[in-house]
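Listed below, chain by chain, are the residues.
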Amino acid sequence: MSDPILRLNAALEGRYAVDRRLGEGGMATVYLAHDLRHDRPVAIKVLKPELAAVLGAERFLSEIKTTANLQHPHILPLHDSGEADGFLFYVMPYVEGESLREKLDRETQLPIDEAVAVTRKVASALQAAHDQGVVHRDIKPANILMASGEPLVADFGIALAVQQAGGGRLTETGLSLGTPHYMSPEQATAERAPDARSDVYSLGCVLYEMLTGEPPFTGPTAQAIVARLLSADPAPVTEIRKTVPPHVAGAALTALQKLPADRFASTAELARALAEEGSFASGGHPTATDASRGAGSSRTGTLLPWAIAAVAVLGLAATLLTRGSSEEAEPREHRSVRVTLPPLDPPLRGELAFSRDGSQIVYVGGRPLEPNRLWVRSLSDPEVRVLPGTENPLGVAVSWDGRWATFWADSAMRKVSLDGGSPLTMVRTSNLPRGITWTGSGDVVLGMLSGSGPHGMPGLALLRDEAGARPDTLTVAEGMHHDPVPLDESTVLFLRMRGGLEIGVASLDTGEWEGTGLRGRPIGVADGILLYSVGGISDGNLMAVRWDEETRRPIGESIVVPGMPSDFQRAQLSADGTLVFTTAVNRYEVVVVGEGGAEQSLQPGEIVSEIFPRFSPDGRTLAMGADFRGISDVWLYDSSASALTPLSFGFDAHSVGWTPDGGRVRAGPSRVETMWNRPADGSEEATADFEIPEAVQGGRGVLGVEASPDGETLALVRNVSQVFGASTFDIVLVSRADPATEIPFATGPADQRQPRFSPNGEWLAYTSDESGRYEVHVRQVGGSGARRQVSRGGGRQPVWSADGARLHYWVGDRLVAVDITDSGSSGLEFGAERTILQGTYFQGGSRAVTATYDVSPDGSQVVLARQVGEGGSLTVWIDWMHELHALFDDLE
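Residues numbered from 1 in each chain as written. Predicted model: local features only at pLDDT ≥ 70, side-chain atom pairs only at ≥ 80, totals over all residues. Heavy atoms only, no water.

**Considering the overall build of the protein chain**
Looking only at helices and strands, the protein chain has 19 helices and 57 strands in total. Across the 892 residues that make up the protein chain, the buried fraction comes to 55%. Long-range contacts, defined as pairs at least 24 residues apart, comprise 48% of the intrachain contacts of the protein chain with a sequence gap of at least 6. Accessible surface, the protein chain as shown: approximately 35600 Å² in total, 47% of it carbon and sulfur. (Helix = DSSP H or I, 4+ residues; strand = E, 2+ residues; numbered from the N terminus. Buried < 20%, exposed > 50% of the residue type's maximum accessible area, 1.4 Å probe, protein only. Contact = heavy atoms within 4.5 Å. Areas by Shrake-Rupley, 256 points an atom, 1.4 Å probe, with all protein chains shown as cover.)

**Notes on the pairing of strand β16 (residues 412-417)**
The element β16 is extensively covered by neighbouring structure, given that six of its six residues are classed as buried. Taking every second residue as pointing to the same face, both faces of β16 are buried, with Ala412, Arg414 and Val416 on one and Met413, Lys415 and Ser417 on the other. Linkage of strand β15 (residues 404-408) to β16, two consecutive antiparallel strands, is achieved through a turn of three residues, within which Asp410 is found at a positive phi near 50 degrees. Sheet topology places β16 next to strand β17 (residues 424-428); four bridges connect them, and they run antiparallel. Across the sheet, Lys415 pairs through a bridge with Leu424, a residue of β17. A loop of six residues connects β16 with β17, the two strands running antiparallel in sequence, and Gly420 in this loop sits at a positive phi of about 115 degrees. (Pairing = 2+ DSSP bridges.)

**Description of the nonpolar core**
If you look at the biggest cluster of nonpolar residues, it comprises 65 residues, and the most contacted ones within it are Phe156, Val206, Met210, Leu211 and Leu352. Residues in contact with Met210, not counting those within four places in the same chain, are Leu100, Leu104, Gln109, Leu110, Ala115, Val118, Thr119 and Arg241. (Core = buried A, V, L, I, M, F, W, Y, C linked by side-chain atoms within 4.5 Å.)

**Remarks on unusual backbone geometry**
Positioned with a positive phi, Asp527 is a non-glycine residue whose angle comes to about 55 degrees. Assignment of secondary structure puts Asp527 in the loop between β26 (521-526) and β27 (529-533).

**Here we look at the sheet that holds strand β20 (residues 460-463)**
If you walk across this open sheet you meet the four strands as β18-β19-β20-β21, and the pairing is antiparallel. Looking at which strands have only one partner, the edges of the open sheet turn out to be β18 (436-438) and β21 (472-473). Where strand β19 (residues 444-447) meets β20, four bridges bridge the pair, whose relative direction is antiparallel. Considered in β20, the bridge of Val444 is made with Leu463.

Rendered as C-alpha cells:
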C-alpha cells in the first residue's frame, strides 16, 4: 500500500477520511480531510518521514501540546495531533481562501491601509503567544491565511515544537527552520535562541513586502540572502513607494534593525507604532528620514564586524568596503556562518555533487518502488527537479561552468544538461567509475575504468568531451588511482591505494604523478589550504594542511578541522573557500551484542553506512567490508587489542570471508569479476584468488559472492533484471575445477539472494521471494533434493552457527535462531524460531546481497550495525578559511 492517501485513510480509519492532497512545504504535506466525529472539514499536516524519524513521536507530541493551548481570533487553532502507522500528524481547521503568499503573488503590493491592518492583527496574535512564552519562529506570508479578509496565523509554534523535539539532531549548527527571506539575523546565525524580537523582525519583513512588493533582502542563493541580511540595510520603504506615510515606513525599518535591542521590544509596540501617526516618532524611534539616513551611513563603518567576513566569501565585500574607509570597515572579529538546509526530498540514495559556485547540488535520489534518478536543487530553493532519462545512475559530477552533469548508467558514461533534455552518451564501458570530476577545459577525469592494471583499473583516465571519444590512460596503475579532485585547470589530486591511502597529484597534460605523503582522501584546495578526509581519528575526520601552489606539496603539519560532525560523508570545497558537506544518510555504529542483549560498541563515535562482517575461525578478529568515515574497504578489528585497522584491497567490499586456517581474508568488490585474498597480517598485497569468466557473470554482473568453506566453490549472486529500480537476482554455482561452467542453483522469476554455505559445505541457505515475500530456504549443494522453506512469517539473511546446529535469520526487526537436526536420509529438520535479539539494526536494504551481520563461532555474540539516528543533512559553511589560518598561525 504505497499510495500515501490510502495509507493515511487506513491509519486514521474511524477518525478522519482523507480526501486529497492540498500542498507541500518544507516540513509537512497537507491533506484535506473530513473529521468524522465532528462532521467538519479539516486540514491534516503530515510531517515528512525523514523529519518524523529524527523527532520521534513521543517527544514531538509532548512539545506540541503547548501550541494546542493558544487561543486567539487570529491564530489558527490546533484541533488534534498524533501518530498512526508511522505518520506524525497534526490537525487544523480547513480554511477556505488563500494564503497571504498567494495573495501577494497575485497582487504584488497591497493597499497601505490593508497592509497595516494585516500587520497589526498578526502582531496581536503573536503578542498573545509571546505572553505565554511561545515564539513562532517561522512567520512568513505562506503561514498567514486570509479567511474572508481576516488573517489567521497558521503552524503556530510548530517550528518550536520541531526544534525542541529534534534538538541537536536536526542540525549540528546553523539553519534548519525558517525561510531565509524572513529570518532574523540571530536566527540565521544561530547566535542565540530566538525570542519575541525575532518574530518582530520576521513580521517586519512581511510588512515590508506587502508595502514594496519584495522582501527586504533577495538573492540567487540562500548564502547570498543570509549575507545581505547580515551586512546590508534594506532600501527605505519610501524610496520604493513614496505614498507610504513616514510613521509606517519608519516602523517597518525599526522592526528590521539587525540588533534585537534596536527593534521594538514586542509586537504590541509595533502594532501601536502603526496605529497613530506621530506616536511612533515621539516614542524615541527614528523617523522615516532618520531611518533612511541610517541605512546609508551604516554601510561604511557600523556593519556587524563578523558580517563583513560572511559577505566576503560571496564576493560582496569589495562593494561594501569601497563605500567607506577600509580601516573603519576592517572587522575586528571574524565569524563564519553555517547554514544547514532542510532534508533532501526525495532522499539521497547515492553520490552527490556541487557546482563550483556553490549555487546548485545534483544528487542521486529516489523513493520506494521508484528507480533512483539525478535530481537538481538550488541552495536558495528547497524545491527539486528531476533530470529525465537518468534512471539508476552511479556517480555524478558537475562541469566547471555549471551546465552539465556526468554519470554512469546502463554500461555507459553519460552527460546531461542541468537545464533538461535527454542524456548524451560519452563512452560505453561496463566498468563502474570510482570517482568522476570535470576539468576546466570541459573534459572528464575518471577512476576505475577498464585497463591492464590490478583489479582491471588503469589508474586515472581522461575522457575527452567529444562524441565517441575513448578514455586515455592518464596514470600508470601502480596501486589504483581514483576519486580525482581538480586542483587547477591542468592538475588533479587523487586517492592512491597502495599499502594504505595516499593523496597523489597528477598532471592532465603529461599523466605524470607523484605522492604527497598525506594519508587520506582529497577534498580540495582553497586559499592556500588543502582539505582532506581520513578515517580512524577519534577527534575529527576532516584534516587541513597548508599548500604550496608552486611546488604542489603540503607545508608543515596537518591539523584537525574543528566543528565538523563525526559522520560527515561527502564534501566539496569551492574555489572561494565555501565548504559544502553532507552527513551520512543513515548513521550506524558497529556493535557486538552478547548474551542478554548487552551491547558493546567496537569503536565509540565511529560511524559507518553499512557493514558486511565475518568472524575469524577462532573468533578473535573481525573482517568487515565497511565504509568508515568515507573510506570503503576491508577493515580488521582485533578484539584482544581493541584496534581497528584497514586491510586495503582497494575496493568497496560486499563479499568477505576467511580461509579455514584464519590466515587470509577473502574479499570481492560490489561488482565482482575476481575474488581476491590477502594475508590477515597485511604482509603481502592482495592477489587474485578466483577469476569469474565473463560468460558466467551475466549481462548485468555479479553483485555478491559466497565461498564454500574449502574455497573450491563459489555461489554467485547474479543480477538478472531491474523493475522499478529493484534488482532481481539468481544464484548460480561455479567450481574452481571448471569455472567456465555454471550450475543453476536458485534461478527463475523470483528474487534469490544472500546465500550462505553450511560449515560442512553440504547445504546452502538463501533468501527467496518465490512465495510472494522473502523467506529463508535451504537446499543441498550438488544434490537433487528439493528446497526446504525454513521461515514461515518472513525471513532474510541466513547465517549458520559454526557447528551447523543452528540457523539464524531476520524476521522483521527480530534476529531469530532455529535448531537443526540432520535426520540422515530424511534430510534436515528445523525447530521453532526463538528470538536472539531485537532492535533497530542495519539490515542492508536493497544492496544487501550478502549478510550484514555475523555470529561468533561460540554463538555467544552477534556483530552488526546499530542505527544511531538519521542524517543526510546538507550544510554550507561560509567564510571559515580564516579560522584555519588563525589555527595555523597559533602553531607557529
